[in-house]
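Fold and geometry: a report
Now for the letters of each chain:
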Amino acid sequence: MAAPYNHREVEEKWRKIWEEKPVNVDDGKKQKYYCLDMFPYPSGNGLHVGHWRGYVISDVWSRYKLMQDYFIIHPMGWDAFGLPAENYAIKNGVHPAISTEENVNNIRKQIKQIAAIYDWDMEVNTTDPNYYKWTQWIFVQMFKKGLAYQKEMPINWCPSCKTGLANEEVVNGKCERCGADVTKKNLKQWMLKITAYADRLLSDLDTLDWPEKVKKMQTEWIGKSYGAEVDFAIDGRKEKLTVYTTRPDTLYGATFMVLAPEHELAASLASDEQKAAVEDYIYQTSLKSSVDRLQNKEKTGVFTGSYAINPMNGKQIPIWLSDYVLADYGTGAIMCVPAHDDRDFEFATKFDIPIVQVIAKDGKEIEHMTEAYTDASGTMINSGDWNGRESAELKLEAPAIIEEMGVGKKTVNYKLRDWVFSRQRYWGEPIPIVHCPDCGPVAVPEDQLPLTLPEVENYEPTGTGESPLAAMTDWVNTTCPCCGKPAKRETNTMPQWAGSSWYFLRYVDNKNDKELVSKEKADKYLPVDMYIGGVEHAVLHLLYARFWTKFLYDIGVVSFEEPFTKLFNQGMITGKNGIKMSKSKGNVISPDDLVRDYGCDSLRLYELFVGPPELDSEWDDRGIDGVYRFITKLWKLVMDHKDDGADQSPAVVKERNRLVYDITTRLENFSLNTVVSGFMEHLNNLSAMAKDKAVDTETMKVFVQLLAPFAPHISEELYHVLGNEESVFAGGWPAYDEKLMEDDTIEIAVQVNGKLRATINIAKDATKEAALADAKEALGAKLSGNVVKEIYVPGKIVNFVVK
RNA sequence: GCACGAGUGGCGGAAUUGGCAGACGCACCAGACUCAAAAUCUGGCGGGGGUGACUUCGUGAGGGUUCAAGUCCCUCCUCGUGCACCA
């Protein structure tokens with residue numbers, strides 16, 4: 001009897017050997033494959049089994065590609081700027097740099113337990129001045145190109161984090177980070193002009209091998225729409241009102257207009273009678289938080305007392321103010337066609353404004369309209385020259401007609417807003433700008449980067465809209481790099497997303513102090529072939545990283561426009577009842593004990609076995625016994641096996657071929673949970689065969705090779721036990737023969753009226769006559785009554801329909 | 001409100017895309033080994049009926065298409081995710 005399986009011994013042994021002699025080596029000839037994990041925030045809580053799963057998935061995929069003879073770029077790093085470290089500093093008085101370093105060391109140790117083939121020479125940390133030097137450098141390039149600019153406007157403000165937020169960071173009116181209700185605050189902010197890239201960010205989605213869900217979310221976030229701007233004259237005034245509409249075909253049905261209360265003409269349009277009401281409405285709206293405005297969908301509004309002229313029919317239409325019109329989309333003013341828009345219908349009904357139908361429904365005018373007819377198909381009515389035309393086609397032509405009439409133009413609009421880029425917090429990259437009273441904002445010269453984050457006594461956010469850095473007068477007061485006169489540093493810092501928008505570039509050249517990445521290395525190793533991480537970054541990180549990459553492409557740093565060719569979103573591992581693992585819920589499961597008790601290989605397999613990798617799974621510790629049994633069973637089979645002389649009978653060859661086929665196709669389909677069950681199934685088969693005679697060495701070798709990406713230690717050990725000298729990862733990926741997959745005879749089901757009554761073994765290409773004869777024989781007396789139909793689908797089924 | 005997912009044994013989940021529902025595993029039950037337990041091995045394991053070969057019902061609910069439906073179509077329920085007055 002061979003020694004029982006001792007996971008600690010085997011795993012430690014190979015870990016040492018792999019460290020001395022890495023299995024993933026760039027010989028200059030191999031093709032590269034870049035498999036990237038979304039790098040973690042080094043939290044003080046450490047890793048739980050959910051983080052582990054993502055890293056196991058990416059490592060399995062990397063090792064599979066390694067065995068297919070690619071050179072693998074598989075790096076790991078730290079997204080280490082951000083609020084938790086700063087909050088920890090506020091509470092405990094420990095500098096964020098210190099707590100961050102501790103956390104990084106701790107998590108690195110935990111990640112190393114996964115035994116992934118990470119190249120730790122490539123490690124990056126966004127808080128390292130040698131790293132954020134280049135984050136600042138990119139900002140400076142954007143500033144030079146006019147893509148980073150300052151603007152004073154009401155921005156999203158989190159009263160709990162005491163900082164401004166980007167649109168992407170506001171989820172249902174709440175702060176993405178802490179969940180507090182977001183308010184508006186008027187602040188002068190640094191903005192990045194992501195809208196200049198809206199079209200490219202949209203159209204290039206087509207080139208990506210990403211989950212449709214994520215592409216759709218980005219498409220909707222960018223929110224491109226086609227329509228027209230239309231000018232409405234204001235009765236008795238010089239100014240005109242311009243609106244944006246996607247339905248210029250309904251122009252004749254516009255019976256009123258609504259302006260956002262923030263519109264620049266809102267107050268001045270008020271007639272003497274309406275003045276008090278208008279001013280009150282504008283004031284009341286300004287008090288509302290964005291959550292209030294979102295939640296209360298009951299329409300409110302006030303009539304200004306002024307009228308506009310519908311340019312199509314010259315009719316006077318009243319101008320109203322209402323907070324359902326958004327100030328920062330389109331022109332902040334809309335034409336209202338209550339007959340064909342739900343919101344306008346609701347408003348018109350409430351305030352008793354006329355409703356004019358301009359598109360016929362089922363060829364007729366509706367007698368009593370109870371809801372808007374929003375279908376864009378039908379014949380135009382009540383529309384002057386346009387009567388009788390098809391609305392769908394007119395919708396496309398109308399912008400040109402309006403343009404010809406000189407009352408508007410064709411336009412597109414986006415929901416995407418520019419990126420509010422400054423944060424009134426300490427623990428982030430300082431924005432490398434000096435404000436000079438004479439020269440205005442001036443970039444810190446590139447040879448003076450990095451502009452390091454100074455140490456402060458007090459990290460506490462001020463809440464005034466100023467960063468804690470503002471109190472550091474020594475640091476703030478400087479001279480203008482342009483004219484040399486006294487000037488002040490920008491005291492806001494960059495958002496957490498800055499460092500993560502380009503880190504994948506830095507890995508491959510992380511020690512370069514001349515460039516953020518050399519052209520040579522970027523061309524050789526990038527872009528990322530496979531990117532693995534949670535879906536929570538679908539619009540935030542993934543949109544920002546695409547934007548920055550496109551910018552770096554434009555200024556010639558990289559020669560590709562999209563950073564991540566393929567994306568895989570792994571599901572979340574939750575605690576019992578689908579509750580997200582968190583320290584406060586007390587349901588966090590640490591991988592450390594499981595690794596100790598069952599070994600890395602078992603945990604790796606179990607992480608995959610819990611469920612489909614793309615779906616959320618509830619964690620249940622008990623199941624890991626199953627994969628542990630599988631591993632010890634395999635160990636015993638290989639250790640006890642004595643090859644009785646290379647039995648290569650067709651049955652043996654076929655089983656082996658089937659094994660390779662099953663595992664390879666399931667792996668290619670990313671069906672990693674069924675890969676594991678496939679291994680179990682085949683091991684059960686082999687164990688059953690082993691009772692009669694020894695399993696042949698070749699089959700065992702192939703089994704172990706296939707298992708290697710999933711359970712690397714035991715596979716490597718058994719591969720050597722089976723007499724191989726080199727590493728299992730150098731031995732290539734086993735091939736299968738498609739032709740051998742087809743059996744000459746197969747078992748098919750025999751049904752009567754669709755119910756299973758027998759099975760028969762039959763030649764796979766048997767004729768109908770032969771199949772039916774066999775089937776009848778198998779059924780015997782069970783086939784009684786009047787057979788009205790006989791169905792035979794070769795290779796599938798025989799079915800008799802009986803009356 | 002709109003859009004997209006999902007719903008299968010006690011549990012996690014399979015099902016080559018319309019062709020033998022429940023692979024694989026957990027838990028559980030019985031047996032072997034043991035003084036005993038653990039570990040291991042063997043067998044069983046959706047519900048009802050039958051000593052039995054068998055039989056019947058069964059994939060959230062109801063209806064439909066088909067020789068055949070977990071899979072396709074219609075209506076509805078539940079859960080999840082995204083968007084949420086974007087004109």
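Details of the structure are given in the entry above.
The paragraphs below set out a description of the structure included in this document. (Residues numbered from 1 in each chain as written. Chains lettered and ligands numbered in written order. Predicted model: local features only at pLDDT ≥ 70, side-chain atom pairs only at ≥ 80, totals over all residues. Heavy atoms only, no water.)

What follows concerns the overall build of chain A. The number of helices and strands found in chain A is 24 helices and 29 strands. Dimensions of chain A, computed from C-alpha atoms along their principal axes, come out at roughly 105 × 85 × 50 Å. Across the 803 residues of chain A, 52% fall into the buried class. Contacts in chain A between residues far apart in sequence, at least 24 positions, make up 72% of those at least 6 positions apart. Seen as two clouds, the 93 positive and the 118 negative side-chain charges of chain A have centres 1 Å apart. (Helix = DSSP H or I, 4+ residues; strand = E, 2+ residues; numbered from the N terminus. Buried < 20%, exposed > 50% of the residue type's maximum accessible area, 1.4 Å probe, protein only. Contact = heavy atoms within 4.5 Å. Lys, Arg positive; Asp, Glu negative; His and termini not counted. Charge placed at Lys NZ, Arg CZ, Asp CG, Glu CD.)

Take the environment of P495 next. With respect to the helices and strands, the residue P495 is situated in the loop between β21 (486-489) and α13 (497-500). Considered as a pair, P495 and T250 are 245 residues apart in the sequence and their alpha carbons are 43 Å apart. Residues within four places of P495 in sequence aside, it is in contact with W419, F421, R423 and E429.

Turning our eyes to something else, we now look at the packing of aromatic side chains. Applying the stated criterion across every chain, the model contains 47 aromatic pairs. Among the aromatic side chains, those forming a connected cluster through ring pairs are F139, F143, W190, Y197, W419, F421, W497, Y544, F547 and W548. The ring centre of Y149 lies 5.8 Å from the NZ or CZ of K193, which sits over that ring. K299 extends its terminal NZ or CZ atom over the ring of Y324, reaching a point 5.0 Å from the ring centre. (Phe/Tyr/Trp six-rings, centres within 6.5 Å; stacked < 30°, edge-to-face > 60°. Lys NZ or Arg CZ within 6 Å of the ring centre and 35° of its normal.)

Here we come to the environment of D231. Looking at the element boundaries, D231 is found in strand β10 (residues 225-234). With relative accessibility at 17%, the residue D231 sits in the buried group. Considering only alpha carbons, one finds D231 and A308, 77 residues apart in sequence, at a separation of 9.8 Å. For D231, the contacting residues outside a window of four places in its chain are K240, L241, T242, P311, V407 and G408. Within the structure, the side chain of D231 is placed 3.3 Å from the side chain of K240, a separation counted as a polar contact. (Polar contact = N/O pair within 3.5 Å; in protein donor to acceptor, adjacent residues only side chain to side chain.)

Pairing within the open sheet is parallel, and its 4 strands lie in the order β2-β1-β22-β23. Two strands bound the open sheet, and with one partner strand each, they are β2 (70-73) and β23 (564-569). For this sheet the average axis-to-axis angle between neighbouring strands, irrespective of direction, equals 25 degrees. Here 3 bridges tie strand β1 (residues 31-37) to strand β22 (residues 528-533), and the two strands are oriented parallel to one another. By the bridge assignment for β22, L36 is matched with Y531. Together, β1, β2, β22 and β23 form the strand contacts of helix α2 (residues 49-67), whose direction differs from that of β1 by roughly 175 degrees. (Pairing = 2+ DSSP bridges. Axes fitted to C-alpha atoms, helices over the stretch in contact; angles between N-to-C directions.)

Let us now look at the sheet that holds β21. Taken in spatial order, the 4 strands line up as β19-β18-β21-β20 in an open sheet, and their pairing is antiparallel. Of all strands in the sheet, those bounded by a partner on one side alone are β19 (440-443) and β20 (477-479). The average undirected angle you get between the axes of adjacent strands in this sheet is 45 degrees. Seen against the sheet, helix α5 (residues 129-144) touches β18 (433-436) and β19 and runs at an angle of roughly 130 degrees to β19.

Around RNA strand B, 51 residues are found, and the nearest of them are K216, T246, R343, K415 and R629. When the atoms of RNA strand B within 4 Å of the protein are sorted by group, sugar and phosphate make up 62%. At 3.2 Å from a sugar or linking oxygen of RNA strand B is found a side-chain nitrogen or oxygen belonging to E681. At a separation of 2.7 Å, a base oxygen of RNA strand B approaches a polar side-chain atom of N799. Considering each element in turn, the surface near RNA strand B owes the most residues, 7 residues, to helix α21 (residues 672-692). In terms of residue class, the surface near RNA strand B is made up of 18 nonpolar, 14 polar and 19 charged. (Near = heavy atom within 4 Å. Nonpolar A, V, L, I, M, F, W, Y, C, P; charged D, E, K, R; others polar.)

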